[in-house]
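# Coordinate inspection notes
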Protein chains: 2
Amino acid sequence: MSDATPAKKPTRIQLRNRTRILDAALEIFSQHGYRGATLDQIAAASGLSKPNILYYFDGKEDIHVTLLNQLMDAWLAPLREIDPDGAPLEEILRYVHRKLEMSREFPRESRLFANEILQGAPRIAPHLESGLKPLVDETATLISGWIAEGKLAPVDPRHLLFSIWATTQHYADFDAQVRVLMEDRPVHEGAGQYLDTLYRRLLKP
Amino acid sequence: MSDATPAKKPTRIQLRNRTRILDAALEIFSQHGYRGATLDQIAAASGLSKPNILYYFDGKEDIHVTLLNQLMDAWLAPLREIDPDGAPLEEILRYVHRKLEMSREFPRESRLFANEILQGAPRIAPHLESGLKPLVDETATLISGWIAEGKLAPVDPRHLLFSIWATTQHYADFDAQVRVLMEDRPVHEGAGQYLDTLYRRLLKP
DNA sequence: CCATACGTTGACCAATCGGTCAAGAAATTT
DNA sequence: AAATTTCTTGACCGATTGGTCAACGTATGG
């Protein structure tokens with residue numbers, strides 16, 4: 001986006017170290033939030049010195065913003081993959097399972113996002129407005145069309161999306177609570193089956 | 001609970017100031033998280049000086065723990081009010097609406113809780129184990145009984161509770177996102193109607 | 001009205017924070 | 001292998017943090 005620097009050619013070392021830093025930062029930020037994370041923690045987790053980290057990024061906020069930018073793309077991808085020409089119910093269910101899978105595979109990303117929204121989205125608000133909102137509007141129109149054609153039971157498309165996000169991301173964001181309450185039970189399998197039932201019964205015309 | 005101090009008689013002033021501090025702290029903690037909140041912010045918000053705050057509480061963590069303790073009670077109350085002798089579907093739906101109402105009326109408490117769980121529940125874990133878990137086990141047994149009697153459609157009771165928490169608390173915890181996507185639309189009314197439909201269709205035998 | 005406990009605060013402190021800098025170590029180019 | 005760019009870091013800095021303390025008000029009961 002705002003790439004003012006020409007940034008001619010990223011060295012092997014640059015690429016490797018930037019990746020290391022971002023991975024360590026994702027771990028720390030998602031665990032402690034923006035304010036709770038410290039550069040020293042990120043330095044320790046990445047195996048680099050603090051000044052060295054500041055050599056690759058302009059500062060703490062720069063690292064955080066970079067992470068959020070990367071995150072938004074991955075976050076929106078599943079929504080983009082909903083096929084307007086597919087079978088409506090199956091398309092929605094595929095989206096649900098995809099989101100649930102992301103909660104299991106990328107819990108740190110989910111928590112990073114949750115932290116940011118919880119604090120009022122101070123750094124990601126522009127992305128919500130310019131990236132997420134148009135896509136949600138578009139998807140809502142698509143779903144409304146499906147409903148009008150009688151291919152889905154009538155529900156508010158936006159609240160439907162909210163509930164899908166809430167129920168799937170819950171397993172990543174509230175993992176600490178889920179783990180206490182589920183003890184040794186297998187969580188993911190049960191969740192997949194439950195959510196499938198939930199949205200199938202809701203949406204079947 | 002762990003009231004080691006005799007604490008003979010709380011003065012009028014003590015009660016008033018402790019309340020002030022806790023209210024201010026709830027505002028600050030829920031907005032910035034534990035680490036993001038500062039005693040100076042809490043002092044400013046409560047209208048007291050920082051040393052005065054330390055006169056009423058042993059420290060930052062003491063304030064936070066006190067808030068979480070108060071919160072757990074309020075959090076469990078609706079779950080306790082599910083009537084084993086009531087009509088199953090209506091009891092669950094009443095619980096859903098009650099939780100949604102709490103998200104609207106006490107969003108700060110919801111966000112405080114979400115923050116704590118997101119960080120791995122470092123300070124509230126004991127309460128989850130000793131307070132929430134037994135109650136959830138009990139409720140799960142109750143719901144399983146209702147299902148066995150054919151009064152509810154068969155679903156995993158624990159995942160059902162997770163989805164209720166997730167969908168209702170979402171409107172408080174992700175308010176920043178919801179507000180962007182809903183613009184001027186009335187959020188709460190639509191949410192109530194949507195969730196009613198969602199859980200009615202899921203649970204109707 | 002005064003003694004004693006309660007309440008309040010400005011000034012201060014050690015620790016930690018994000019960030020700087022100069023100087024040296026490794027690569028890379030010539 | 002010399003020159004030049006890239007990479008790395010120990011030492012340091014000002015600002016902020018949670019918390020302390022001595023001194024000063026203020027309520028209250030005898």
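The structure under discussion appears in the preceding block.
Computed from a prediction, not measured in an experiment: that's the story for all the values here.

## Observations regarding the overall build of chain A
Tallying secondary structure elements over chain A gives 10 helices and 0 strands in all. Sequence-ordered secondary structure for chain A, helices as α and strands as β, is α-α-α-α-α-α-α-α-α-α. Within chain A, counting contacts between residues at least 6 apart in sequence, those at least 24 apart form 70% of the total. Element-wise, carbon and sulfur atoms account for 52% of the exposed surface of chain A, whose accessible area totals about 9,800 Å².

## Notes on the packing of helix 6 (residues 107-118) of chain A against helix 8 (residues 157-173) of chain A
Residue and element names in this part refer to chain A. At their nearest, the axes of helix 6 and helix 8 sit 8 Å apart, and the two run at 105° to each other. The angle between helix 6 and helix 8 places the two elements in the roughly perpendicular class. Together, Pro107, Ser110, Arg111 and Ala114 of helix 6 and Gln169, Ala172 and Asp173 of helix 8 make up the contact between the two elements. Residue composition of the contact of helix 6 with helix 8, grouped by class: 3 nonpolar, 2 polar and 2 charged.

## Considering the interface of chain A and chain B
Counting residues at the interface gives 55 residues for chain A and 55 residues for chain B. Contact with chain B buries surface across chain A, with Leu118, Leu181 and Tyr194 of chain A losing the most and accounting together for 15% of the total. Seen at the junction of chain A and chain B, the total is 2 salt bridges. Among the salt bridges present, the one from Lys133 of chain B reaches Glu183 of chain A, with a minimum N-O distance of 3.4 Å. Where chain A packs against chain B, one counts 13 residue pairs in polar contact (both at pLDDT 80 or more). Of all elements in the fold, only helix 1 (12-36), helix 6, helix 7 (125-148), helix 8, helix 9 (175-182) and helix 10 (187-203) of chain A reach the threshold of two or more residues within the side of chain A that touches chain B. For the side of chain A that touches chain B, the element with the highest residue contribution is helix 8 of chain A, accounting for 12 residues.

## Considering unusual backbone geometry
Residue and element names in this part refer to chain B. For Ala121, which is not glycine, the phi dihedral falls at a positive 55°. Turning to its location among the elements, Ala121 is positioned in the loop between helix 6 (107-118) and helix 7 (125-148). Overall, the relative accessible area of 3% leaves Ala121 in the buried class.

## Describing the pattern of salt bridges
For the structure on display, the rule yields 28 salt bridges over all chains. Note that Arg104 of chain A is salt-bridged to Glu101 of chain A, the shortest N-O span being 2.7 Å. Note that Arg104 of chain A and Glu101 of chain A are positioned in helix 5 (residues 88-105) at a spacing of 3 residues, about one turn of the helix. Using a relative accessible area of 28% as the deciding quantity, one classes Glu101 of chain A as partly exposed. Through salt bridges with shared partners, a single network forms among Lys133, Asp137 and Arg158 of chain A together with Glu183 of chain B.

Cut-offs applied
- Residues numbered from 1 in each chain as written.
- Chains lettered and ligands numbered in written order.
- Predicted model: local features only at pLDDT ≥ 70, side-chain atom pairs only at ≥ 80, totals over all residues.
- Heavy atoms only, no water.
- Helix = DSSP H or I, 4+ residues; strand = E, 2+ residues; numbered from the N terminus.
- Contact = heavy atoms within 4.5 Å.
- Areas by Shrake-Rupley, 256 points an atom, 1.4 Å probe, with all protein chains shown as cover.
- Axes fitted to C-alpha atoms, helices over the stretch in contact; angles between N-to-C directions.
- Parallel < 35°, antiparallel > 145°, perpendicular 65-115°, else oblique.
- Nonpolar A, V, L, I, M, F, W, Y, C, P; charged D, E, K, R; others polar.
- Buried area = accessible area lost by both parts, 1.4 Å probe.
- Salt bridge = Lys/Arg side-chain N within 4 Å of Asp/Glu carboxyl O.
- Polar contact = N/O pair within 3.5 Å; in protein donor to acceptor, adjacent residues only side chain to side chain.
- Buried < 20%, exposed > 50% of the residue type's maximum accessible area, 1.4 Å probe, protein only.

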